[in-house]
Amino acid sequence: MKIDMEYMDDSTVCDSVSSLVEGCRLPVHMTGTNDWPLAEIISIKDVQGSKCYYVHYVDFNKRLDEWVTEESLDTRKVHFPRKDVGTGTGVSTPKKISIGGGGSVPPPPMAVISRPSSPVNNSELLNGNAVLAAALQKKMNRKRKGPSLDNEDSQDGPVPLVPAMPGPRQSGSMVSHHDDIVTRMKNVEMIELGRHRLKPWYFAPYPQEMVNLPCIYICEFCLKYRKSRKCLERHLVKCNLRHPPGNEIYRKENISFFEIDGRKNKVYAQNLCLLAKLFLDHKTLYYDTDPFLFYVMTVFDNRGFHIVGYFSKEKESTEDYNVACILTMPPYQRKGYGKLLIEFSYELSKFEGKTGSPEKPLSDLGLLSYRSYWAQTILEILMSMKPVGENEKPQITINEICELTSIKKEDVISTLQNLNLINYYKGQYIITLSKEIIQSQYKAMETRKIRIDPKCLHWTPKDWGKRSKW
Ligand SMILES: [Zn+2]
C-alpha cells in the first residue's frame, strides 16, 4: 500500500522505452495470458542489441516473474521510481487466500487471538557467497531464536524462514542491494529430474557454471547435478542408489517415506535443499543441515523410488515446530500428495505424543494446503462424534481436538474461527456445523483417496536433547 503511494506522484507518459529504468512500474503482457497486469521492472539486459526486461507482476507470486521483450510493455503510463525509494525491491505481493474445504467462507468476525504483525525483511535470500556466512550465523542464532514468526493471517511479503543473521543484515553490510536483485531473479532455465523437465520458480544458488546452462541434469536418486545429459548418464552408471539414502520408515502400496539425517547424509541433504529452493521462495538455505531430519516421500515403480516431495524437521525444536520446509515437486502437485506429506508430519508428532505446527512463513501454496488439511482433519473429528446421552449434544474440548490430531492449539482455534464454526450461546461456546460445511467436507474427503496408515509407520522417536551431539 505504502509503496503504491510513493509511486503515485510520478505517473508519466513515457516517450520511449529507452527511458525505462529498473524500478519502473507499467502494464506488461503476461506470457500465456491475455492480461496486462501492473508489473515492476527488476532488471534490464541487452541481448544482441535488443533489450530484455525482467518483470515482477505486482499482485502475483514471484514464480510468475519473467523476462519479456519491448513488445510486452505498455509504455503509455509508466510510474517511475522516486529516487529516495530505491529501485523498489521491497514489493510486497499480497496473497489471495481462500480457505480450504470448498465454498467461500467469510473471514472470522474477530480475531480472538491477536497476532503480532511479523517482521518483514525483503532481503531474505542470499547469493552463494553469503550463504555459508548466513548458515554459520544461523547455527549461532538457533539456540536463541526470536519470537515465532507467525504470520499466517497477514498479507506480508517475504519473511525469512528463520531470522538468519540479525546482526550483520540489519546493518546492511552483509547483503548488498545488488545481491537482493540477483537473488530475486530466477537463475536456472530448466532442470531435468528423472523423467521430468521442470522450469524453476525461484532463485537457487547452484554454482555459477551450472546456472548459465540451458538445463541442469539432476540424478533423481542422489540429487547430484551435472551439466549435460552425457555427464548424467556417466554418473548413473556409477550411482547405485535407487531410493533416497537413510531408512525407509513407511511403506504402503507404492508410497514410501525415507528418513534422512542431515548430519549423516550431508551432501544429499544439501542437494535436496538446493533443489527445493528452486520451488520455494522463502526458504533460507542452510548448508548447515546437521540439526535437521529430512523426510522424503517417494512413489515406487520398476525403475526405483521417485521423489515426490519432502519436508525437513529440526531434531530439537524449542517452538514445537514439526516441519521446517515442505515441498511437493511440481509434477506431483494438485494430486493430494501435499496433504499426504502434511498428514505424515502430524503422524510423526502423534508418535512423539506432541502437538506441532509448521515453521512460518509458509509459502502461498503451503498455507492453502495447511488450512485445508486443518479444516478437513478437525471436521473429520467433529463429524465422527457421538452424543453422550439422549437429547445430548456431543461435547469436545479444544485440548481434546489437539490430542487427537497433534495440531497445535493456535492452529485449531484459528481453523475453527476461519470456518466460522464457533458461536457463543448462554455462557458457553457452541460449534455449529451447517449443511453446507458438512456437504463440502464429504466432497473434500472423497478426493482424498490416499491417506497415511499409521500401521505402516515403523519408527521410534529419538530424544535428540539427550545426546550431547547429533
Ligand atoms: Zn546419483
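Residues numbered from 1 in each chain as written. Predicted model: local features only at pLDDT ≥ 70, side-chain atom pairs only at ≥ 80, totals over all residues. Heavy atoms only, no water.

1. Focus on the overall build of the protein
Looking only at helices and strands, one finds 12 helices and 19 strands in the protein. For the protein, with 470 residues in total, the buried portion stands at 51%. Excluding contacts between residues fewer than 6 apart, the proportion of contacts in the protein whose partners are at least 24 apart in sequence is 66%. For the protein, the accessible surface area stands at approximately 23,800 Å², while carbon and sulfur atoms represent 53% of it. (Helix = DSSP H or I, 4+ residues; strand = E, 2+ residues; numbered from the N terminus. Buried < 20%, exposed > 50% of the residue type's maximum accessible area, 1.4 Å probe, protein only. Contact = heavy atoms within 4.5 Å. Areas by Shrake-Rupley, 256 points an atom, 1.4 Å probe, with all protein chains shown as cover.)

2. Focus on the pairing of strand β18 (residues 422–425)
Regular strands place side chains that alternate from one sheet face to the opposite one. As judged from the four bridges shared by β18 and strand β19 (residues 428–431), these two strands associate in the antiparallel manner. Its bridge partner lying in β19, Asn-423 is registered against Ile-430. Connecting β18 to the antiparallel partner β19 that follows it, the hairpin turn spans two residues, and Lys-426 within it adopts a positive phi of roughly 45°. (Pairing = 2+ DSSP bridges.)

3. A word on the sheet that holds strand β12 (residues 255–261)
A sheet is described by the order of its strands in space; here five strands give the open sequence β11-β12-β13-β14-β16, paired in antiparallel fashion. Looking at which strands have only one partner, the edges of the open sheet turn out to be β11 (247–252) and β16 (326–328). For this sheet, the mean inter-axis angle between neighbouring strands, taken without regard to orientation, is 20°. Judged from the seven bridges that link them, β12 and strand β13 (residues 292–301) form a sheet pairing that is antiparallel. (Axes fitted to C-alpha atoms, helices over the stretch in contact; angles between N-to-C directions.)

4. Digging into the environment of Thr-33
Relative to the assigned elements, Thr-33 resides in the loop between β2 (25–27) and β3 (38–47). Judged by its relative accessible area of 25%, Thr-33 is partly exposed. Of note is the side chain of Thr-33, whose polar atom sits 3.1 Å from the backbone nitrogen of Asp-35. (Polar contact = N/O pair within 3.5 Å; in protein donor to acceptor, adjacent residues only side chain to side chain.)

5. Digging into the sheet that holds strand β9 (residues 216–218)
The strand order across the open sheet built from four strands is β8-β7-β9-β10, with neighbouring strands paired in mixed fashion. A strand with exactly one partner marks an edge of an open sheet, and here the two such strands are β8 (196–198) and β10 (225–226).

6. Quick notes on the nonpolar core
Looking at soluble globular proteins, one finds that nonpolar side chains tend to be buried together. Among the nonpolar cores identified, the biggest contains 77 residues, and Ile-191, Tyr-206, Phe-257, Leu-275, Tyr-310, Phe-311 and Phe-344 are the most heavily contacted of them. Take this core: its biggest share by element is eight residues, from helix α9 (residues 364–383). Counting residues in hydrophobic clusters, the runner-up holds 15 residues, among them Cys-24, Ile-41, Tyr-57 and Val-78. (Core = buried A, V, L, I, M, F, W, Y, C linked by side-chain atoms within 4.5 Å.)

7. Description of the coordination of the zinc ion
Listed as protein donors to the zinc ion are Cys-219 (SG), Cys-222 (SG), His-235 (NE2) and Cys-239 (SG); their distances from the metal cover 2.1 to 2.4 Å. If you look at the zinc ion, its four donor atoms make angles of 97 to 118° with each other, and the shape they trace is tetrahedral. Taken in chain order, the donor set of the zinc ion reads C-x2-C-x12-H-x3-C. Cys-222 sits in the buried class, given a relative accessible area of 9%. (Donors = N, O, S within 2.8 Å, 3.2 Å for Na, K, Ca; no water. Tetrahedral: all angles 85-135°; square planar, octahedral: opposite > 155°, others 65-115°.)

8. Description of helix α10 (residues 398–405)
Among the residues of α10, Ile-401, Cys-402 and Thr-405 are the ones counted as buried. All buried residues of α10 lie within an arc of 100° about the axis, which places them on one face of the element. (Arc of directions from axis to C-beta.)

9. Describing a nonpolar patch on the surface
A contiguous nonpolar surface patch, about 440 Å² in accessible area, is contributed by Ile-422, Tyr-424, Tyr-429 and Ile-431. Those elements that place two or more of their residues in the nonpolar patch are β18 and β19. As for its placement among the helices and strands, Ile-431 is situated in strand β19. On the basis of relative accessible area, Ile-431 is assigned to the partly exposed category, the value being 34%. (Patch = residues over 30% accessible without salt bridge, like charges linked within 9 Å, V, L, I, M, F, W, Y side chains within 5 Å. Salt bridge = Lys/Arg side-chain N within 4 Å of Asp/Glu carboxyl O.)

10. As for the UniProt feature "active site" (unreviewed entry) in the protein
With numbering matched to this structure, UniProt assigns "active site" (unreviewed entry) to Glu-359. With respect to the helices and strands, the residue Glu-359 is situated in the loop between β17 (357–358) and α9. Owing to a relative accessible area of 4%, Glu-359 belongs among the buried residues under this scheme. (UniProt positions renumbered as here; feature names shortened; annotations may be inferred.)

11. Re the packing of aromatic side chains
The full count for this structure, using the stated rule, is 21 aromatic pairs. Between Phe-258 and Phe-305, the aromatic rings sit 5.5 Å apart at their centres with planes inclined by 85°, giving edge-to-face as the arrangement. Here the residue Phe-258 occupies a position in strand β12, and Phe-305 occupies one in strand β14 (residues 304–314), the gap between them amounting to 47 residues. Ring geometry for Tyr-370 against Trp-374: centres 5.4 Å apart, planes inclined by 50°, an arrangement best described as tilted. Separated by four residues within a single helix, Tyr-370 and Trp-374 lie in helix α9, roughly one turn from each other. By relative accessible area, Tyr-370 is classed as buried at 0%. (Phe/Tyr/Trp six-rings, centres within 6.5 Å; stacked < 30°, edge-to-face > 60°.)

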